[in-house]
Amino acid sequence: MAGPSSSSSAAERSFRAFLVRSLDAITHETPAIARALAASLAGTLVRLCVDDERMVVASRLDGLAIVDDLEGALVELATDSATLLDLTSGATSFLDAALAERLVVRGGVDDVVRFYDSLILYLQGAVRSPSLPRLLGEFERSRRACAPENGVQG
Amino acid sequence: MDAARSCADATSPAAAPSAAINWGIENGDWLRRAPGRVGGAGQHKEWLHFCVYGDAVDLLLNFSVVDDVRDDAPASRHTAYEEHARLTLLVRERAWIGEVQSFAARDVAVGGGRVELRLGDNTVRFANGRYALRARSADGAIEAEIELMPVAMPSIVNNVQYGNGPPINWLVVPRLIASGRVRVGARTHVLDGALAYHDHNWGHFGWGRDFAWEWGYGLPSDASNPWSLVFVRLSDRAHTRCRMQGVFLWRGAREERVFWDRELQVGQRGLRRFARLCKVPAIMGLIHPDLATDVPEELCFEGAGEGDFIRGRFVSGDGAQVILPNDRDLGVTVINEIAGTLEVEGRIRGEELRIDGRAVFEFLGR
């Protein structure tokens, strides 16, 4: 049946699915960084809005969880897949994306700083996880039809 | 000019490499492989590095195989052992662009005891007196198919100690003649007699430990000029204590002179300001977005001893950064690949030395 397989396929290609898989890889492949990442977000809810998706990152005893949107987020990040791909390909930076309002972060100053530190921890885990290049490649390919072409970094 | 030096002069593209050069490469440049695969020490790193100076293009290729250094990595035992293979590809027409590709173990073949390595469809192999290289960026925008004929004897340096870490080793082939092509997008650069450089590094050392290096290799713009130069300086991470330094000179095929340690004075002038830096892997640019570096505007050296002298100046130009996560902490190690110009003059064994040409200097550390 086309409908259910299309929607399940869309779920598999979602940013949320990529994020869950990447956190799972970091948890298994760089557990010390995963623990530090969870600790860095302890007591904080972060809302992520990517394209049409909304989700919340919550720190729990067994690590980070990605849950459906709920109230109480202290930090919200809003962007789109094209910007994420431009960031990971080096076509733009966090600062340039923020100045161009392609990436918007809302929250109290201290909470935003704390979130940025957690984001860098996530990246530190990602670049040390052997699975992440493949996972990122899969996410890039799933967005290729919608995202601008990004090739070699220059 | 004596007969030995006449035979050793192999600067003509048409000249076949001498049997001695072939022997030196076959017996020195072979891939050591990680001993952790058979229960030996871990943290092994090994790479083959090539730089080609085309008329309108520079190309850097680095094929590396490094041990998995994660604390939670499978124990270094036989089939459970993990290595990581990567291809660093940098090309410069007006400015550096490039990438780092990672390869799954199933796509990697390493010829231990030979110069033979395959990472996906990217290959390097030494056979019949030539290195054959093939490399392609992941999106196909950059492609290189090159044959390199070595025309200078390799120089091998073993067990260079730095700080309290295990030693590193290297082999250098300072001069090769390149033929083939490099395609960047829709533009194809034909190489016919271009000069090139190759080195091979191996050892058990960790990124993030207390070491840094400045490593430069320069070749004259005039291919008939027989001189080739390699500059090496190892220091602590803060660049406050030099552990070894040397300028290696070849005339034609033969290593003619080495200025070591106390024979050399090395200085730097200014700081190179970059409006942009090509950072690879691209994602590492998010962790290390800085444009400020400690790359000097100029690196100068003077050497004297045994009646010989040398004076050299490297002027920094365009830069690219290869950024590596440290093995044991959350810092990064930055290798600044700087294209620039090299001017050298001197007198070696009574003969005038002059090099005016291009060079790539690596500044590793902060």
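Residues numbered from 1 in each chain as written. Chains lettered and ligands numbered in written order. Predicted model: local features only at pLDDT ≥ 70, side-chain atom pairs only at ≥ 80, totals over all residues. Heavy atoms only, no water.

Chemist: Run through the overall build of chain A, naming residues and quoting values.
Modeler: When helices and strands are tallied, chain A shows seven helices and five strands. Going from N to C terminus, chain A has its helices and strands arranged as α-α-α-β-β-β-β-α-α-β-α-α. By the burial criterion, 46% of the 154 residues in chain A qualify as buried. Counted over contacts in chain A with a minimum sequence separation of 6, partners at least 24 positions apart contribute 68%. When the accessible surface of chain A is split by element, carbon and sulfur atoms take 56% of a total near 7,900 Å². (Helix = DSSP H or I, 4+ residues; strand = E, 2+ residues; numbered from the N terminus. Buried < 20%, exposed > 50% of the residue type's maximum accessible area, 1.4 Å probe, protein only. Contact = heavy atoms within 4.5 Å. Areas by Shrake-Rupley, 256 points an atom, 1.4 Å probe, with all protein chains shown as cover.)

Chemist: An account of the packing of aromatic side chains is requested, with residue identities and associated values reported.
Modeler: All names here are of chain B. Taken as a whole and assessed by the stated rule, the structure comprises 20 aromatic pairs over all chains. Put simply, the rings of Trp-47, Trp-170, Trp-207, Phe-211, Trp-213 and Trp-215 pair up and form one aromatic cluster. Sitting over the ring of Trp-30, Arg-32 keeps its end group 3.9 Å from the ring centre. The ring of Phe-259 carries Arg-257 above its face, with NZ or CZ at 4.2 Å from the centroid. (Phe/Tyr/Trp six-rings, centres within 6.5 Å; stacked < 30°, edge-to-face > 60°. Lys NZ or Arg CZ within 6 Å of the ring centre and 35° of its normal.)

Chemist: Explain the packing of helix H2 (residues 15–29) of chain A against helix H3 (residues 31–40) of chain A to me, using residue names and the numbers behind them.
Modeler: Residue and element names in this part refer to chain A. Two numbers describe how H2 lies on H3: the axes approach to 5 Å, and their chain directions differ by 120°. Regarding the angle of H2 to H3, the classification is oblique. The residues of H3 that touch H2, namely those facing Leu-23, Ile-26, Thr-27, His-28 and Glu-29, are Pro-31, Ala-34 and Leu-37. Looking at the contact of H2 with H3, its residues break down into five nonpolar, two polar and one charged. (Axes fitted to C-alpha atoms, helices over the stretch in contact; angles between N-to-C directions. Parallel < 35°, antiparallel > 145°, perpendicular 65-115°, else oblique. Nonpolar A, V, L, I, M, F, W, Y, C, P; charged D, E, K, R; others polar.)

Chemist: Can you break down the pairing of strand E11 (residues 168–184) of chain B residue by residue, with the values?
Modeler: Residues and elements named next belong to chain B. For E11, the tally of buried residues reaches 14 of 17 residues, placing the bulk of the element in the interior. Relative to E11, strand E9 (residues 142–150) runs antiparallel, the two being bridged by nine bridges. Bridging from a neighbouring strand, Met-149 pairs with Ile-177 of E11. Bridge count between strand E10 (residues 155–160) and E11: four bridges; the pairing is antiparallel. Bridge pairing in E11 places Ile-156 opposite Leu-171. Relative to strand E12 (residues 187–204), E11 runs antiparallel, the two being bridged by 15 bridges. By the bridge assignment, Arg-183 is partnered in E12 with Thr-188. Between E11 and E12, which pair antiparallel in sequence order, lie two residues; one of them, Gly-185, sits at a positive phi of approximately 65°. (Pairing = 2+ DSSP bridges.)

Chemist: I'd like a rundown of the interface of chain B and chain A, residues and numbers included.
Modeler: Between chain B and chain A, the residue contacts involve 27 residues of the former and 24 residues of the latter. Across the chain B/chain A interface, buried area totals approximately 1,900 Å², and carbon plus sulfur atoms make up 69% of it. The interface formed by chain B and chain A contains zero salt bridges. The interface formed by chain B and chain A holds five residue pairs in polar contact (both at pLDDT 80 or more) in total. (Buried area = accessible area lost by both parts, 1.4 Å probe. Salt bridge = Lys/Arg side-chain N within 4 Å of Asp/Glu carboxyl O. Polar contact = N/O pair within 3.5 Å; in protein donor to acceptor, adjacent residues only side chain to side chain.)

Chemist: Residue-level account of the environment of Gln124(A), with values.
Modeler: Looking at the element boundaries, Gln124(A) is found in helix H6 (residues 109–128). Considered as a pair, Gln124(A) and Leu136(A) are twelve residues apart in the sequence and their alpha carbons are 14 Å apart. If near-sequence neighbours (up to four positions away) are discounted, Gln124(A) is found in contact with Ile33(A), Ile287(B) and Leu330(B). A polar contact of 2.7 Å, which involves the side chain of Gln124(A), links it to the backbone oxygen of Leu330(B).

Chemist: Could you give me a rundown of the confidence of the model for chain A, with the residues and numbers involved?
Modeler: Residues and elements named next belong to chain A. Scored by pLDDT, chain A has a mean of 89; 88% of the residues are at 70 or more. Here helix H1 (residues 2–12) is the element of chain A with the lowest mean pLDDT, 58, and strand E4 (residues 75–79) is the one with the highest, 98. Predicted confidence is poor over residues 1–5, with pLDDT under 50, and the contacts of this stretch with residues over four places away or in other chains come to zero contacts. (pLDDT = per-residue confidence, 0-100.)

Chemist: Tell me about the nonpolar core, and please be specific about residues and values.
Modeler: In this structure, Leu90(B), Trp170(B), Trp207(B), Trp213(B), Trp215(B), Tyr217(B) and Val230(B) are the most contacted members of the largest nonpolar core, which totals 42 residues. Sort the elements by how many residues they give to this core and strand E13 (residues 212–220) of chain B lands first, with five residues. When near neighbours in sequence (up to four residues on either side) are disregarded, Trp215(B) contacts Trp170(B), Val172(B), Tyr197(B), Asp199(B), Asn201(B), Val230(B), Phe231(B), Val232(B), Val360(B), Phe361(B) and Glu362(B). Membership of the second largest hydrophobic core comes to 41 residues, among which are Phe15(A), Leu48(A), Ala97(A) and Ala126(A). (Core = buried A, V, L, I, M, F, W, Y, C linked by side-chain atoms within 4.5 Å.)

Chemist: So what's going on with unusual backbone geometry? Residues and values would help.
Modeler: All names here are of chain B. A cis amide bond links Val-280 to the next residue, Pro-281, at an omega of -15°. One can find Pro-281 in the loop between strand E18 (278–280) and helix H3 (284–287). Notably, Asn-159 is not glycine yet its phi reads approximately 55°, a positive angle. Within the fold, Asn-159 resides in strand E10.

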